[in-house]
Amino acid sequence: MAGARPPGCQTARRVARWGRRRRCIEIGRRYSTRRASQGEMLGWGNSEAVVRETLMSEIITYDARAMNDDQLRLVATLLCEIWPKPGRTVETRIARMKQLAHAYAGPEHTAPRSYLIFDGSRLLAHAALVCRHIVTASGKQTVAGLAQVCTDPEARGQGLGERIVRAAFAPVDAGDFSLALFQTTEQVQPFYERLGARRVSNRFVNSTGDDPEADAFWENVQMIYPGDAPWPAGVVDLQGPGY
């Protein structure tokens, strides 16, 4: 018969397929073990479900109060690289993040949180959301403070910044906060406008600071999200330091 296989050919093909399959299984096991080790190093636990859910997800959300020193160090190191400031070291940033997180005493749904995107054990992007009680011309208001937004320079151009900020805005979209309030630069302002934020022209102070009349924010652009949220004119008291 035309095209008939020689005796034993089918058996040989099955053996070859099984050999390739075994190699793939072994490679998969080594890969899974390496990824699990990275998860354990970051303090995510070593159960298969935790490792798969955490490492395979694009964005990881942490309760900021539960982050350990290794996790905080990754964030602080990236912040120091992207937003260097005199006197701000990795250690001082870790201490500040711990202080702010553990000072929170409100309801769980508005607790401080961090949003992170990893490639294995490498932190690619981060954003933080903190609950702030402010005073405007309309009275007291609880808002979400967006802060510490940064992306690894080598990972830019992949849309990570947009994804991490949208994740941070999600509690506002869900109604946990009336709006998000944050500062940025004129260079970055168009990025936030594309996401639905708008610039506001209030003066922001901190009545609890050494100089209650001094500007509480250091960047020259302040914005709110969503842009169509009601927002009064006049002075705004952050009742705490800028972020």
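Residues numbered from 1 in each chain as written. Predicted model: local features only at pLDDT ≥ 70, side-chain atom pairs only at ≥ 80, totals over all residues. Heavy atoms only, no water.

Re the packing of helix α3 (residues 69-82) against helix α4 (residues 90-102)
Put simply, the rule reads: Interaxial angle, 0 to 180 degrees, is taken between N-to-C directions of lines fitted to C-alpha atoms, where a helix line uses only the stretch in contact. Strands are runs of DSSP state E lasting at least two residues, helices are runs of H or I lasting at least four, and both sets are numbered from the N terminus onward. Working rule for angles: under 35 degrees goes down as roughly parallel, over 145 as roughly antiparallel, 65 to 115 as roughly perpendicular, anything else as oblique. For any helix crossing, the convention is left-handed if the near helix is rotated counterclockwise from the far helix by under a right angle, and right-handed if that rotation is clockwise. Throughout, a contact is declared for two residues whenever any of their heavy atoms are within 4.5 Å. Each residue gets one label: Ala, Val, Leu, Ile, Met, Phe, Trp, Tyr, Cys and Pro are nonpolar, Asp, Glu, Lys and Arg are charged, and the others, such as Gly, are polar.
Interhelical geometry of α3 versus α4 gives an angle of 120° and a closest axis separation of 9 Å. Considered as vectors, α3 and α4 are oriented oblique to each other. Relative to α4, the crossing made by α3 is right-handed. In this structure, α3 contributes D69, L72, R73, V75, A76, T77, L79 and C80 to the contact, and α4 contributes V90, E91, R93, I94, M97 and K98. A class-by-class count of the residues in the contact of α3 with α4 yields 8 nonpolar, 1 polar and 5 charged.

Some thoughts on the packing of aromatic side chains
Rules: Aromatic rings from Phe, Tyr and Trp, taking only the six-membered ring of Trp, are treated as a pair when their centres fall within 6.5 Å; an angle between ring planes under 30 degrees marks them as stacked, one over 60 as edge-to-face, and anything in between as tilted. Exposure categories follow from relative accessible area, calculated using a 1.4 Å probe and restricted to protein chains: below 20% of the type maximum is buried, above 50% is exposed, and the middle band is partly exposed.
Scanning the model with the defined rule gives 6 aromatic pairs in all. Pairing F217 with Y243 gives two aromatic rings, centres 5.3 Å apart and planes at 80°, and the pair type is edge-to-face. In this pair, F217 is assigned in the loop between β7 (203-205) and β8 (221-225) and Y243 in the segment after β9 (235-237), connecting sequence segments 26 residues apart. The class for F217 is buried, based on a relative accessible area of 7%. Assessed through its relative accessible area of 12%, Y243 is described here as buried. In textbook terms, an aromatic cluster arises when at least three aromatic residues are bridged by ring pairs, as seen for F169, F182, F191, Y192 and Y225.

Side note on the pairing of β8
Stated formally: When DSSP finds two or more bridges between a pair of strands, those strands are recorded as paired.
Among the 5 residues of β8, 5 are classified as buried, and the element is accordingly described as predominantly covered. Taking every second residue as pointing to the same face, both faces of β8 are buried, with V221, M223 and Y225 on one and Q222 and I224 on the other. Two elements, strand β5 (residues 180-184) and β8, share 5 bridges in a ladder whose sense is antiparallel. Considered in β8, the bridge of A180 is made with Y225.

Some thoughts on the side chain of Q189
Here is the rule: Two N or O atoms form a polar contact when they lie within 3.5 Å of each other; inside protein one atom must be a possible hydrogen donor and the other a possible acceptor, and for residues adjacent in sequence the pair counts only when both atoms belong to side chains.
As for its position among the elements, Q189 is in helix α6 (residues 189-194). Overall, the relative accessible area of 12% leaves Q189 in the buried class. Separated by 3.2 Å, the side chains of Q189 and R199 make a polar contact. Among all residues touching Q189, those that are not within four sequence positions of it are T184, R199, V221 and M223.

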